[in-house]
Amino acid sequence: PIDTGRYGSAEMRRIFDEESRLQKILDVEAAVAHAHSQVGNIPKETAEEILQKASTSYVRVERCKEIDKQINHDLMAVVKALSEVCSPSAARWVHFGLTSADVEDTAYALQFKEALRLIELGLIDLERILLGQVEKHRETIMAGRTHGQHMAVITFGLKLAVWMREISRHLQRLAQAKERVLVGKIMGAIGTGAGLGEHAIEIQKIALARLGLKPADMVTQVIQRDIHAELLSTLNLISSSLEKFALEIRNLQRTEIMEVMEPFKVESQVGSSAMPSKRNPVKSERVCSLAKLMRGLLVPAYENVALWHERDLTNSANERFTFAMAFILLDEMIQDMRNVLSGLVVFPENMKKNLAITGGLLVSENIVKTLVERGVGRQEAHEITRRCSMKAISERRPFSEVLAQEQKVSHLIPAKEISELLDYSRYLGVTQRLIDNALYSTRAEHATY
């Protein structure tokens, strides 16, 4: 429904187009016919014919739509269209023992299987890009900010390493979610297997193995929707992280900060219809915009968990939108962040210039630490430094000068040492070790993908 060609890759959109959906439904019908033949319920030559004809080369989207208009049941329309292209002896066994949800829910799992692989590959590439950027900027010093204010000193590489490990956790979450999400259900009406006969469990096992899926844990007429809610939750966690990265880039690209900038095609890209000089962070803004829409898809996913009795249809209509939209939107967000981060323009000189704005105030913790080490109580040291900080700000004087004139500081810390303690390049703690640990863990995991 949102496939305008603007968002998401062609590969992701194809997974959720009408032809692909129809083929997956036919794949399920064929797999079940094959399973029936394996347990002796139907002749093998019959199953082979159904396998051959269960293809969009025979069963056309247009024909299914024609039948659907007559009978008002889209899954039964596919069953009838498949039956039409089979011989009477084979048509007799099409959809034998099944209910619509068997086919529809299992076909969704086949779509999820393909789509999740694309998401994984995108995240692995994003992680690879971040690995390179962390290495490149591990010593690029910048201000750390809390509450929008300078707080302390970090390196841009450390900031990116935090993002890199977040992507690593998402890859782990996807692997765990796939164990529960890539499941099918071939158990007929209400989930008892009665329509499939005494070999129902074996039929399900054979059919799903052919499709590369596992049987879902305890079902009714449908696969339980907590499974799909988990899937949408996992996709939303990923989108929220991408929004976090994009939001930071947008903030750092502010004119008055200008520490990083999105890549921009200077020779052709237009930033503003009014101002020719503008270079807006449009990709990062798009990521943030789509993340808002993604979160909206969580509401129906959670609402769908509670259905009447063994099932109703209140999940069905909205899932035709939510599943496809979630994957297509996330695919677009991943592509955008890969483009932004791979071509990110970094301005180390602006980072240094911005660090100097507070005249050493952002490493005031180092003064507290040194006073404590030289015998002052921690709370008293904090209060002395706080008063000096406020005085430096209100009187617009260098922090080092105010500290040197504070008797309780100057008799413990010489003026020259005060200047050294306020040198932000010397107050990075174990930053490089932390980055090394992050790179080591990520490389080790990356090698297993």
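Residues numbered from 1 in each chain as written. Predicted model: local features only at pLDDT ≥ 70, side-chain atom pairs only at ≥ 80, totals over all residues. Heavy atoms only, no water.

## Points about the packing of aromatic side chains
Now for step 1: As enumerated under the stated definition, the model contains seven aromatic pairs in all.
Now for step 2: Ring centres of Tyr108 and Phe112 lie 6.1 Å apart, and the angle between their planes is 10°; on these two criteria the pair is classed as stacked. Here the residue Tyr108 and the residue Phe112 both occupy positions in helix 7 (residues 100–136), the gap between them amounting to four residues, near one helical turn.
Now for step 3: With a relative accessible area of 1%, Phe112 lands in the buried category.
Now for step 4: Judged by centre distance (4.8 Å) and plane angle (80°), the ring pair of Tyr108 and Phe323 falls under edge-to-face. Highlighted residues: Tyr108 in helix 7 and Phe323 in helix 12 (residues 316–342), separated in sequence by 215 residues. Each of the two residues, Tyr108 as well as Phe323, counts as buried. (Phe/Tyr/Trp six-rings, centres within 6.5 Å; stacked < 30°, edge-to-face > 60°. Helix = DSSP H or I, 4+ residues; strand = E, 2+ residues; numbered from the N terminus. Buried < 20%, exposed > 50% of the residue type's maximum accessible area, 1.4 Å probe, protein only.)

## Describing the environment of Phe264
Now for step 1: Take Phe264: it is sitting in the loop between strand 5 (260–261) and helix 11 (282–303).
Now for step 2: For Phe264, a relative accessible area of 15% translates into the label buried.
Now for step 3: The sequence separation of Phe264 and Val103 amounts to 161 residues, and the corresponding C-alpha distance is 47 Å.

## Description of the packing of helix 2 (residues 18–38) against helix 7
Now for step 1: Interhelical geometry of helix 2 versus helix 7 gives an angle of 120° and a closest axis separation of 8 Å. With respect to helix 7, the axis of helix 2 lies oblique. Considering how the two elements wind past one another, helix 2 and helix 7 form a crossing that is right-handed. Across the interface between the two elements, Arg21, Lys24, Ile25, Asp27, Val28 and Glu29 of helix 2 pack against Asp102, Val103, Glu104, Thr106, Ala107, Tyr108, Leu110, Gln111 and Glu114 of helix 7.
Now for step 2: Of the residues contributing to the contact of helix 2 with helix 7, the split by class is six nonpolar, two polar and seven charged. (Axes fitted to C-alpha atoms, helices over the stretch in contact; angles between N-to-C directions. Parallel < 35°, antiparallel > 145°, perpendicular 65-115°, else oblique. Left-handed = near helix turned anticlockwise from the far one by under 90°. Contact = heavy atoms within 4.5 Å. Nonpolar A, V, L, I, M, F, W, Y, C, P; charged D, E, K, R; others polar.)

## Here we look at unusual backbone geometry
Now for step 1: Phi angles above zero are rare outside glycine, and His95 is one such case at about 70°.
Now for step 2: Here His95 is to be found in the loop between helix 6 (88–91) and helix 7.

## Digging into empty space enclosed by the protein
Now for step 1: A full pass over the atoms with the stated rule returns two cavities of 30 Å³ or more.
Now for step 2: The computed volume of the largest cavity comes to approximately 50 Å³.
Now for step 3: Considering the residues around the largest cavity, the lining is formed by Glu29, Val32, Ala33, His36, Ile50, Leu82, Trp93, Val94, His95 and Phe96.
Now for step 4: Sorting elements by how many residues they give to the lining of the largest cavity places helix 2 first, with four residues.
Now for step 5: Across the lining of the largest cavity, the residue classes tally to seven nonpolar, two polar and one charged.
Now for step 6: Around the second largest cavity, the lining residues are Arg225, His228, Ala229, Ala301, Asn304, Glu319 and Phe323. (1 Å grid on protein atoms, 1.4 Å probe; cavity = no way out; pocket = protein on both sides within 12 Å on 5 of 7 lines; lining within 4 Å. Points joined across faces, edges and corners; volume = space filled by probe spheres on them.)

## Some words on the pattern of salt bridges
Now for step 1: Applying the stated rule across the entire model yields 34 salt bridges.
Now for step 2: When the shortest N-O distance is used, the salt bridge between Lys178 and Glu120 registers 3.2 Å. With Lys178 in helix 8 (residues 156–181) and Glu120 in helix 7, this residue pair connects regions lying 58 residues apart in the sequence.
Now for step 3: By relative accessible area, which is 24% here, Lys178 ends up partly exposed.
Now for step 4: For Glu120, a relative accessible area of 9% gives the class buried.
Now for step 5: Between Arg180 and Glu230 there is a salt bridge whose closest N-O contact spans 2.6 Å. Highlighted residues: Arg180 in helix 8 and Glu230 in helix 10 (residues 226–252), separated in sequence by 50 residues.
Now for step 6: Arg180 sits in the partly exposed class, given a relative accessible area of 41%.
Now for step 7: By sharing partners, the salt bridges in this structure join Glu135, Arg138, Asp436 and Arg443 into a single network. (Salt bridge = Lys/Arg side-chain N within 4 Å of Asp/Glu carboxyl O.)

## Thoughts on the packing of helix 7 against helix 10
Now for step 1: Between helix 7 and helix 10, the shortest axis-to-axis distance is 13 Å and the interhelical angle comes to 25°. Considering the angle they form, helix 7 stands roughly parallel to helix 10. With respect to the hand of their crossing, helix 7 and helix 10 are arranged in left-handed fashion. Two secondary-structure elements touch here, helix 7 through Phe112, Leu116, Ile119, Leu123 and Leu126 and helix 10 through His228, Leu231, Leu235, Ile238 and Leu242.

## Here we look at the pairing of strand 2 (residues 149–155)
Now for step 1: Here strand 1 (residues 141–146) pairs with strand 2 via six bridges, running antiparallel. Counted as the bridge partner of Gly144 is Ala152 from strand 2.
Now for step 2: Where strand 1 folds back onto strand 2 in an antiparallel hairpin, the turn is made up of two residues, including His147, whose phi is positive at roughly 55°. (Pairing = 2+ DSSP bridges.)

## Considering helix 2
Now for step 1: With 21 residues, helix 2 ought to run about 30 Å at 1.5 Å a step, and its terminal C-alpha atoms sit 30 Å apart, in line with that.
Now for step 2: Burial runs high along helix 2: 17 of the 21 residues are buried.
Now for step 3: Two or three places before Glu19, at the start of helix 2, stands the capping residue Asp17, its side-chain oxygen 3.3 Å from that residue's backbone nitrogen.
Now for step 4: Just downstream of helix 2, Gly40 is the residue with a positive phi angle, here 85°. (Expected span 1.5 Å × (residues − 1). Polar contact = N/O pair within 3.5 Å; in protein donor to acceptor, adjacent residues only side chain to side chain.)

## Structural notes on helix 15 (residues 378–395)
Now for step 1: With 18 residues, helix 15 should reach 26 Å at 1.5 Å per residue; the first-to-last C-alpha distance of 26 Å fits that figure.
Now for step 2: Along helix 15, the positions that sit buried rather than exposed are Ala381, Ile384, Thr385, Cys388, Ser389 and Ala392. Take helix 15 and look down its axis: the buried residues cluster within an arc of 135°, on one side only. Exposed side chains of helix 15 directed beyond 90 degrees from the buried face belong to Gln379 and Ser394.
Now for step 3: Residues of helix 15 that are buried make contact with helix 14 (364–373), helix 16 (399–404) and helix 17 (407–410).
Now for step 4: Directly after helix 15, the chain includes Arg396, whose backbone phi takes a positive value near 55°. (Arc of directions from axis to C-beta.)

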